[in-house]
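The chain contents come next:
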Amino acid sequence: MTFTKKNFKEEFEERLQERFALSIEDASNKELYETLGKLVTSHYSRNWKHTRQDYLEEKQKQVYYFSIEFLPGRMLKSNLLNLGIYDTVEEGLKDLGISLDDLAKKEPDMALGNGGLGRLASCFMDSLASIGMPGNGNGIRYEYGLFKQKFVDGYQVELPDEWLNSRNMWEVRRESKAVDVHFGGKVYLIETPTGQLKPMYKGGYSIKAIPYDTGMTGFENDTVNTMRLWSAEVTEEEKANFQHFENRQELQNLTSVLYPDDSNEHGRRFRLSQEYFFVSAGMQSIFNYYKTLDLPMTEMNKAIAIHINDTHPAMCVAELMRLFVDEEGMAWEKAWDVTTKVMSYTNHTIMSEALEKWQTSLIKEVCPRIFQIIEEIDRRYVEEWQGVFDDELIKRTRIIRHDQVHMAHLAIIGSHSVNGVAKLHSDLLKSVVLKDFYAIYPERFNNKTNGIAQRRWSQLSNPLLSKTLDKYIGKTWRKDTGDLRLLLNHENNDKLLNDLANAKYENKKRLAAYIKEHNQVEVSPDAIFDIQIKRLHAYKRQLMNLMHIIKLYLDLKENPDLDITPRVFIFGAKAAPSYHFAKSVIKLINETANLVNNDDSIQGKLKVVFLENYNVSLAEIIIPAADVSEQISLASKEASGTSNMKFMLNGAITLATLDGANIEIKDAVGDDNIAIFGLTEAEVYRYYNEQNYNASDIYQNNPIIHRVVNAFVDGTIPNCSMEGQQIFDSLIKYNDEFFVLRDFISYCEAQEWIDESYKDKKKWGKMSLTNIAHAGHFSSDDTVRKYSEDIWRIAPIRKH
Ligand SMILES: *Cc1c(COP(=O)(O)O)cnc(C)c1O
């Protein structure tokens, strides 16, 4: 049955009346949004039910993707697109005098994640469903998502993200599937008459875990998978029961907030409790499901794959062992064999401060039985390899060392697969970060380069580009982004190049209007839009971008007639609330923006804009308008990056170091269609090995760098002497940890190349086209297909 505009309008008005007893003229956009949301869920609920039933009946092997973060953003348009009713609904609404865009803005941006890690998890959810793979998400339903960012006097201020204040249209509370998660107390092992050891719990308390399920719709394929997020609930009666526990407050609020930090850990016990909470709840619910299949416990790997996304869910390994051994009475060896066949792990970083370690005393306190099991896994690990590998190697790789539990070690030892997220990153895992494990388990290591949900990052966010593509290469690219390559047949088609340029121009106008509204800054769409949007972190080097802006500004002050292409530098970034360095960089950028934007003597050739509250919805407005994509992390530090892929798909030219997936982007588009600069990963490591990096030397000997760095402390940038001094010190006194000064000149040269290239509109247009044409390489549909084949061993269900 096709769903016509007429059907839609009737259904919409009926639902509005049913739910709010209103007619369209009297309804607010919020009410209209909720009505539309309800209509959309009712359109997939049947398929959601069927998908679940089919998996069950076929005993289809499923993957469960455990991630402490998901960053889906808004879901209305994505669902409309996937259900194949986007155009019908948009036009139907128009007939009724309603703008789909206006309604879509009423949906809160669901931000249960910090950045790339959470966004990847959500791209994977979309792709799993869209290629018809049986895949589920498992995470935490935080009551408050990532903080809302405001600037006051140029400083970042954090406000709570009360996203649940408006109704979440997409979730379904499933009280009947609740489970209990046990915390604290003591555990004793007693011998049963059959000689087995059984744990006896004394004290401690249980928290109820309630699942909230969200349907993950596939693109035009009737598949609707599930993302299950857990919420902690404590009844009044239970509260009274554990009045005397000192940490009861935090347990009652276990799922209240997302940690606004993706590298450093604070409030450690609380965070560890969150981790055990969603691990245990998720594993128990999988276990309950598996039991309904009536298959032997020893064959769980034939029906279940569990993925550990970064180390936060690493306790899955121990929790599954607990369920097998304690609850099912399985022998340890058998349980271990199945566990490692079920588990797989992705590493997301080489930054040592982000490799989680927990004090043994803390784990013992939070989940004593899990600690015992980890101890036993560790003991057997040492025993297994003693005499095979040298003692030092075993010591370095064991799970418990110096009273700390190494979560990455637990994940690796307990999994059959360990992957990095871009070629360079996976190589570094083997040669540096996890070298010792590579010696022991070479067969476990593999690469899976990240990808992005291309429908969201092109069709939804960039309809103008999409329509242009349809016109010249047909619509097949909308399902198979590999077909974007058809664009290469039109490289010299001036009409097409012109249409692409026009689409870009319109998108820049849209962003300019947003900037005008939110920052009260006037920017010209004729200028180069040069954009860096990502979490604020020293290794991502927003500071280097700022230094280049200061250099241009000083150059223009010296020579107002300097012939440079007008530029708008655009930033979006949140800093972790306790990350002082990052917050100082924000303040400095904001003060520089004030200085530059209000200085008439530079004739508007430079503008600097820092947009508040960077999130998925904002990214969807910014990225289509980009001319230049700044991917300037110090080589070896950015595991993959994914915003680099989003920009490429939208025709921006990448300005990048040879880091993460930038390298693969360069390989795809060719050296002529990307601006590469800076140290290579090998050169960075040479500095480490020889310990001969000297930032102060560079500062003393290079007059350009000297002048720019001094601007932080000599009053050039007003109102930030403290922050300026801090940044100055990070570079000179503390020897510039991320080699900003070393890469600066090379960066400026690459920027000059950008300036020159942009003047040649045709050349620029062709580069842009080439980038779009090769963006199909980075579809998360393909990434997830590779995970499915190589790691999870899952396949789409047979359609009857
Ligand atoms: C894609 C995305 C990221 C990741 O950006 P990187 O530049 O790869 O670090 C972070 N936040 C949001 C909102 C995103 O959409």
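Bear in mind that the values here come from a model prediction, so they are computed numbers and not experimental data.

Draft legend 1. Spotlight on the overall build of the protein chain. In terms of helices and strands, the protein chain carries 32 helices and 25 strands. The C-alpha radius of gyration of the protein chain comes to 27 Å, within 12% of the 28 Å expected for a compact globule of 800 residues. Of all intrachain contacts in the protein chain linking residues separated by at least 6 positions in sequence, the fraction that spans at least 24 positions is 77%. Placing the 97 positive and 115 negative side-chain charges of the protein chain at their respective mean positions leaves the two points 3 Å apart.

Draft legend 2. Up close: the sheet that holds strand β20 (residues 528–533). The sheet built from 6 strands is open, its strands ordered β22-β21-β20-β23-β24-β25 with parallel pairing. The open sheet has two edge strands, β22 (606–611) and β25 (675–676), and neither has a second partner. Sheet topology note: the strand β23 (residues 628–631)/strand β24 (residues 653–656) ladder contains 4 bridges and is parallel. The residue bridging V628 from the neighbouring strand is I653, located in β24.

Draft legend 3. Inspection of the site of the ligand at higher detail. Around the ligand there are 14 residues in total, and K534, K540, T642, S643 and K646 lie nearest to it. Alone, the ligand offers 390 Å² of accessible surface; in the complex the protein occludes 96% of this. Of all the secondary structure elements, the ones that give two or more residues to the shell around the ligand are α6 (116–130) and α24 (643–649). For the shell around the ligand, the per-class residue count stands at 4 nonpolar, 6 polar and 4 charged. Counting only domains with at least three residues in the shell around the ligand, you end up with domain 1 (59–74 + 109–450 + 784–792) and domain 2 (519–760).

Draft legend 4. Fine view of the domain arrangement of the protein chain. Split by domain assignment, the protein chain resolves into domain 1 (59–74 + 109–450 + 784–792) and domain 2 (519–760). The gap between the C-alpha centroids of domain 1 and domain 2 is 36 Å. Contacts between the two partners involve 37 residues from domain 1, matched on the other side by 39 residues from domain 2. Between domain 1 and domain 2, the buried area comes to about 3,100 Å², and carbon and sulfur atoms account for 56% of it. When the area that domain 1 buries against domain 2 is broken down by residue, the three leading residues are Q149, F151 and L424, summing to 20%. There are 2 salt bridges connecting domain 1 and domain 2. Notably, a salt bridge pairs E158 with K583, separated by 2.8 Å at the nearest N-O pair. There are 15 residue pairs in polar contact (both at pLDDT 80 or more) connecting domain 1 and domain 2. Every element with two or more residues in the side of domain 1 that touches domain 2 is listed here: β2 (70–73), α6, β5 (148–152), β6 (155–159) and α16 (423–433).

Draft legend 5. Broad picture of helix α29 (residues 721–731). Within α29, the full set of buried residues consists of E723, G724, I727, F728, D729, S730 and L731. Residues of α29 that are buried sit in contact with β6, α21 (542–558), α22 (580–597), α27 (695–701), α28 (703–710) and α30 (740–759).

Draft legend 6. The packing of aromatic side chains, seen in detail. In the structure shown here, the tally under the stated rule is 25 aromatic pairs. Considering the side-chain rings of Y65 and F124, the 5.7 Å spacing of their centres and the 65 degrees angle between planes classify their relative orientation as edge-to-face. A residue pair is termed long-range when its members are at least 10 positions apart, and Y65 in strand β1 (residues 62–66) and F124 in helix α6 qualify at 59 residues. Under the relative-accessibility criterion, Y65 is labelled buried at 0%. Directly above the aromatic system of W457 lies the positively charged group of K646, at a separation of 4.4 Å from the ring centroid.

Draft legend 7. Summary view of the UniProt feature "modified residue: N6-(pyridoxal phosphate)lysine" (unreviewed entry) in the protein chain. According to UniProt, the positions carrying the feature "modified residue: N6-(pyridoxal phosphate)lysine" (unreviewed entry) are K646. Take K646: it is sitting in helix α24. Using a relative accessible area of 6% as the deciding quantity, one classes K646 as buried. When neighbours within four sequence positions are excluded, K646 is seen to be in contact with R119, I452, W457 and I623.

Draft legend 8. The arrangement of the pairing of β22 in detail. Taking burial as the measure, the 6 residues of β22 include 6 buried ones, the bulk of the element. Residues L606, V608 and F610 of β22 are buried on one face, and the alternating residues K607, V609 and L611, pointing to the opposite face, are buried as well. By the bridge criterion, 6 bridges tie strand β21 (residues 567–572) to β22 in an arrangement that is parallel. Counterpart to R567 in the pairing with β22 is L606. On the question of chirality, the crossover connecting β21 to the parallel β22 by way of α22 is right-handed.

Draft legend 9. Seen up close, the environment of L83. Considering the arrangement of structural elements, one finds L83 in the loop between α3 (76–82) and α4 (86–95). Spatially, the C-alpha atoms of L83 and R456 are 14 Å apart, while their sequence positions differ by 373 residues. L83 has contacts with V40, H43, Y44 and T217, leaving out every residue within four places of it along the chain.

Draft legend 10. Focus on the environment of T654. Mapped onto the elements of the fold, T654 is located in strand β24. Residues T654 and I754, spaced 100 residues apart in sequence, show a C-alpha to C-alpha distance of 9.8 Å.

Draft legend 11. Broad picture of the nonpolar core. Among the nonpolar cores identified, the biggest contains 198 residues, and L36, F183, F277, I304 and I306 are the most heavily contacted of them. The biggest single contributor to this core is helix α9 (residues 268–293), with 13 residues. Taken domain by domain, the makeup of this core includes at least three residues from each of domain 1 (59–74 + 109–450 + 784–792) and domain 2 (519–760). With 71 residues, the next largest nonpolar core counts I564, F581, Y699 and F728 among its residues.

Draft legend 12. Structural detail: the packing of helix α10 (residues 316–327) against helix α11 (residues 332–342). Where α10 contacts α11, the two axes come as close as 9 Å, and the packing angle between them is 140 degrees. For the element pair α10 / α11, the angle class is oblique. Between α10 and α11 lies a crossing of right-handed hand. Taking contact as the criterion, the partners of V317, L320, M321, F324 and V325 in α10 are, on α11, W332, A335, W336, V338, T339 and V342.

Draft legend 13. How the structure looks around the pairing of β21. Among the 6 residues of β21, 6 are classified as buried, and the element is accordingly described as predominantly covered. Going residue by residue along β21, you find R567, F569 and F571 tucked away on one face and V568, I570 and G572 tucked away on the opposite face as well. Relative to β21, β20 runs parallel, the two being bridged by 6 bridges. Each bridged residue has a counterpart across the sheet, and for I528 the counterpart in β21 is R567. Running through α21, the crossover from β20 to the neighbouring parallel element β21 is right-handed.

Reading the values: the criteria
Residues numbered from 1 in each chain as written. Predicted model: local features only at pLDDT ≥ 70, side-chain atom pairs only at ≥ 80, totals over all residues. Heavy atoms only, no water. Helix = DSSP H or I, 4+ residues; strand = E, 2+ residues; numbered from the N terminus. Rg over C-alpha atoms; globule rule 2.2 N^0.38 Å. Contact = heavy atoms within 4.5 Å. Lys, Arg positive; Asp, Glu negative; His and termini not counted. Charge placed at Lys NZ, Arg CZ, Asp CG, Glu CD. Pairing = 2+ DSSP bridges. Near = heavy atom within 4 Å. Areas by Shrake-Rupley, 256 points an atom, 1.4 Å probe, with all protein chains shown as cover. Nonpolar A, V, L, I, M, F, W, Y, C, P; charged D, E, K, R; others polar. Domains from an automatic or database assignment. Buried area = accessible area lost by both parts, 1.4 Å probe. Salt bridge = Lys/Arg side-chain N within 4 Å of Asp/Glu carboxyl O. Polar contact = N/O pair within 3.5 Å; in protein donor to acceptor, adjacent residues only side chain to side chain. Buried < 20%, exposed > 50% of the residue type's maximum accessible area, 1.4 Å probe, protein only. Phe/Tyr/Trp six-rings, centres within 6.5 Å; stacked < 30°, edge-to-face > 60°. Lys NZ or Arg CZ within 6 Å of the ring centre and 35° of its normal. UniProt positions renumbered as here; feature names shortened; annotations may be inferred. Right-handed = clockwise from strand over helix to strand, strands pointing away. Core = buried A, V, L, I, M, F, W, Y, C linked by side-chain atoms within 4.5 Å. Axes fitted to C-alpha atoms, helices over the stretch in contact; angles between N-to-C directions. Parallel < 35°, antiparallel > 145°, perpendicular 65-115°, else oblique. Left-handed = near helix turned anticlockwise from the far one by under 90°.

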